[in-house]
Amino acid sequence: MRLSLSIIISAFTLAGCATNATTPPSQNSSLNAVSPNTAAVSQGGAMQSSLDSWLKEDWVPNSASGASTASSSTSKGTSAATSASIEPTVVSDEKPFTLQSYADKWKAYHENKEKMNEGKPKEASHIDAVNALPVIGK
């Protein structure tokens, strides 16, 4: 008797839960009052903003084919190195993307990075830091 009564109560409870219409979280006014979801959309992610700034400030100028420094002679006969003005290249939608074009940009980027970092001290290597440890290092 008790078992059949508990089964009947469970069946009514489950049937009642299955027929209730639920609203999606974005349209739930009670949830939006406690935790609005507009901040995530308006702020953007840290990783995306970091990538956007790297593309704008580092990749586009250094991957352009004309980004190398040009040497010009002055009236006294000495040569002065001037940086060529770099216009961002606009990729036309008519031309399909090829892996070779990306490889060419990658090569130009690294060549220009090496030229920019020529006289600067190199960053500390993790391998050198590990080798300098007393127990692990050599």
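The structure this text deals with has already been given above.
A. Quick peek at the packing of aromatic side chains. Under the defined criterion, the tally for this structure stands at 4 aromatic pairs. Pairing W59 with Y109 gives two aromatic rings, centres 5.1 Å apart and planes at 45°, and the pair type is tilted. Residue W59 is located in helix α4 (residues 46-63), and its partner Y109 is located in helix α5 (residues 99-116); the two are separated by 50 residues in the primary sequence. According to the relative accessible area criterion, W59 is buried, its value standing at 12%. Each residue in the set W54, W59, Y102 and Y109 is aromatic and connected to the rest through ring pairs, giving one cluster.

B. Region of the structure containing a nonpolar patch on the surface. On the surface, a cluster of nonpolar side chains totalling about 520 Å² of accessible area is made up of F97, L99, Y102 and W106. Mapped onto the secondary structure, L99 falls in helix α5.

C. A look at α5. The terminal C-alpha atoms of α5 lie 26 Å apart, and with 18 residues this matches the ideal 26 Å at 1.5 Å per residue to within 8%. Within the span of α5, buried status applies to A108, Y109 and N112. Within α5, the buried residues cover an arc of 105° as seen down the axis, which keeps them to one side. α5 presents L99, Q100 and E114 as exposed residues on the side facing more than 90 degrees away from its buried surface. Considering only its buried residues, α5 is in contact with α4.

Reading guide: rules and limits
- Residues numbered from 1 in each chain as written.
- Predicted model: local features only at pLDDT ≥ 70, side-chain atom pairs only at ≥ 80, totals over all residues.
- Heavy atoms only, no water.
- Phe/Tyr/Trp six-rings, centres within 6.5 Å; stacked < 30°, edge-to-face > 60°.
- Helix = DSSP H or I, 4+ residues; strand = E, 2+ residues; numbered from the N terminus.
- Buried < 20%, exposed > 50% of the residue type's maximum accessible area, 1.4 Å probe, protein only.
- Patch = residues over 30% accessible without salt bridge, like charges linked within 9 Å, V, L, I, M, F, W, Y side chains within 5 Å.
- Areas by Shrake-Rupley, 256 points an atom, 1.4 Å probe, with all protein chains shown as cover.
- Salt bridge = Lys/Arg side-chain N within 4 Å of Asp/Glu carboxyl O.
- Expected span 1.5 Å × (residues − 1).
- Arc of directions from axis to C-beta.
- Contact = heavy atoms within 4.5 Å.

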